[in-house]
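# Structural features, examined
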Amino acid sequence: MQKIILKDNQLQVSDFPVIPFIEGDGIGKDIWPAARSVMDQAVEKAYHGQRRIEWKEVLAGEKAFLQTGSRLPEETMNAFKEYLVGIKGPLTTPVGGGIRSLNVALRQDLDLYVCLRPVRWFRGVESPIKHPEKVNMVIFRENTEDIYAGIEWMQGTEEAQKFYHLLESEMNVKKVRFPKTSSFGVKPVSVEGSERLVRAAIKYALKNNLPSVTLVHKGNIMKFTEGGFKTWGYALAEREFADEIKSGKLVIKDVIADAFLQNTLLKPEDYAVIATLNLNGDYISDQLAAMVGGIGIAPGANINYQTGHAIFEATHGTAPDIAGKQIANPSSLLLSGVMMLEYLGWNEAAGLIEKAMETTFLSGKATGDLARFMKDGHTLSTKEFAAELNANL
């Protein structure tokens, strides 16, 4: 058992790496064992005992609160810092007041500046569009700035009043229509944050022989934040990747966010790698997931390519209403595990899982969220679905 380390900008992964995991709230207790069993079986099948993941449970969310009194114990954060790579089930994200989002805390404190969301269609999965096979994109969503900075003041508070006074008296802002009842939020977008996100997207495109990187923004309205993202992204590309652009190996382009959402339905084949800010990326990744069958099969990761830290995660919520019923779909978490295996360089095991999943879907077998839309679909429980995947590895 050894820790994964970063040396000379490359991950050094032993044959028996220790990987921390968070089971997750709600349906986490259903989908984590299912996803883990398939990952373990795929690694065994691919490497015949020569490689194995040594799982290390760390606590967060409700389970952590019950056992430690903290929803995100310091030991958990330290484990992710120490072991570099981890995976997690869904954690409760409060709306409005209440506890701080644990997902945001992990991303901010570890500076996981890329939210990586690949979207592809699996044959056998029903889609609301005619040609889901044309949807094959990888989204690089900036993960630490924009709305994720969390800089807000509630209307009626002293802080909101002070902020408005600053805008009005010192910055001559006159466009707040109802100042006494307005909440305020600040949207920071930096040169450094934009550049490192776009750089990561371009490197990914070049490594995977993908033809283009599209900068998606709302710079026609927010000229200095979203517009800055576009301007700084182009400048970075021209400065650091001039040869690749000149040779035609890579195309850098941009599109306004609302037009992009329309284009993903009309001509999704025009896009490969997407680089965008946080809020845009939230909308985009969920729409694309719906186009290929739903968020239940949408994986995700949060990565810092400079330090090597990465947490792979289910992209959906905790679904407490079905927790413990063994009907939840583990595919999002499992496909995030596929991303994790690829990140480790264990592509053989990752490929086995993807092939097994498509074989299973083509046979009309899936958990209820997908099976109900399939012609002659056969609904499996969470455990049964994992067992079917293992049989098809």
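Coordinates for the structure precede this section.
Figured I'd write up the structure that's included with this text. (Residues numbered from 1 in each chain as written. Predicted model: local features only at pLDDT ≥ 70, side-chain atom pairs only at ≥ 80, totals over all residues. Heavy atoms only, no water.)

### Section: the pattern of salt bridges
Evaluated as defined, the whole model comprises 22 salt bridges. With a shortest N-O distance of 2.7 Å, Glu313 and Arg107 are connected by a salt bridge. Separated by 206 residues along the polypeptide, Glu313 in strand β14 (residues 310-314) and Arg107 in helix α4 (residues 102-109) bring together distant segments of the chain. Of the two residues, Glu313 and Arg107, both sit in the buried class. The shortest N-O distance in the salt bridge between Asp282 and Arg141 comes to 3.8 Å. You can see Asp282 sitting in helix α10 (residues 278-291) and its partner Arg141 sitting in strand β7 (residues 136-142), a full 141 residues away along the chain. A relative accessible area of 28% places Asp282 in the partly exposed class. One salt-bridge network, in which partners are shared between bridges, spans Arg120, Arg123, Glu354 and Glu358. (Salt bridge = Lys/Arg side-chain N within 4 Å of Asp/Glu carboxyl O. Helix = DSSP H or I, 4+ residues; strand = E, 2+ residues; numbered from the N terminus. Buried < 20%, exposed > 50% of the residue type's maximum accessible area, 1.4 Å probe, protein only.)

### So, the environment of Phe312
For Phe312, the location among the structural elements is in strand β14. Put simply, Phe312 and Leu333 are 21 residues apart on the chain and 8.0 Å apart in space, counted from C-alpha to C-alpha. In this view, Phe312 contacts Val85, Gly86, Ile87, Lys88, Gly300, Ala301, Ser336, Met339, Met340 and Tyr343; residues no more than four positions away in its chain are not counted. (Contact = heavy atoms within 4.5 Å.)

### Focus: empty space enclosed by the protein
In the structure shown here, the tally under the stated rule is one cavity of 30 Å³ or more. As for the largest cavity, its lining consists of Lys88, Asn103, Leu106, Arg107, Leu112, Asn302, Ile311 and Glu313. Of all the secondary-structure elements, those providing two or more residues to the lining of the largest cavity are α4 and β14. With three residues, α4 is the single largest residue contributor to the lining of the largest cavity. Class assignment for the residues of the lining of the largest cavity results in three nonpolar, two polar and three charged. (1 Å grid on protein atoms, 1.4 Å probe; cavity = no way out; pocket = protein on both sides within 12 Å on 5 of 7 lines; lining within 4 Å. Points joined across faces, edges and corners; volume = space filled by probe spheres on them. Nonpolar A, V, L, I, M, F, W, Y, C, P; charged D, E, K, R; others polar.)

### What to know about helix α5 (residues 158-171)
Relative to the 20 Å expected for 14 residues at 1.5 Å per residue, α5 spans 19 Å between its end C-alpha atoms, a close match to the ideal helical length. Residues of α5 that are buried: Ala160, Phe163, Tyr164 and Leu167. Looking straight down α5, one finds that the buried residues subtend no more than 95 degrees of arc, so they occupy a single side. Residues of α5 that are exposed and point more than 90 degrees away from the buried face comprise Glu158, Gln161, Lys162 and Glu170. Where the residues of α5 are buried, they touch β8 (151-153) and β9 (184-186). Count one or two residues on from α5 and you reach Asn172, which has phi positive near 55 degrees. (Expected span 1.5 Å × (residues − 1). Arc of directions from axis to C-beta.)

### Describing helix α7 (residues 226-240)
With 15 residues, α7 should reach 21 Å at 1.5 Å per residue; the first-to-last C-alpha distance of 21 Å fits that figure. Buried positions along α7 lie against α6 (191-207), β10 (212-217), α8 (242-246), β11 (251-256), β12 (273-276) and α10.

### Section: the pairing of β10
Burial analysis of β10 places six of its six residues in the buried class, which makes it a mostly covered element. The side-chain alternation of β10 yields two buried faces, one formed by Ser212, Thr214 and Val216 and the other by Val213, Leu215 and His217. Bridge count for β10 against β11 is six bridges, and the pairing is parallel. Paired with Leu215 across the strands is Asp254, a residue of β11. Of the strand pairs in this sheet, β10 and β12 are connected by four bridges, and their pairing is parallel. Paired with Leu215 across the strands is Ala275, a residue of β12. (Pairing = 2+ DSSP bridges.)

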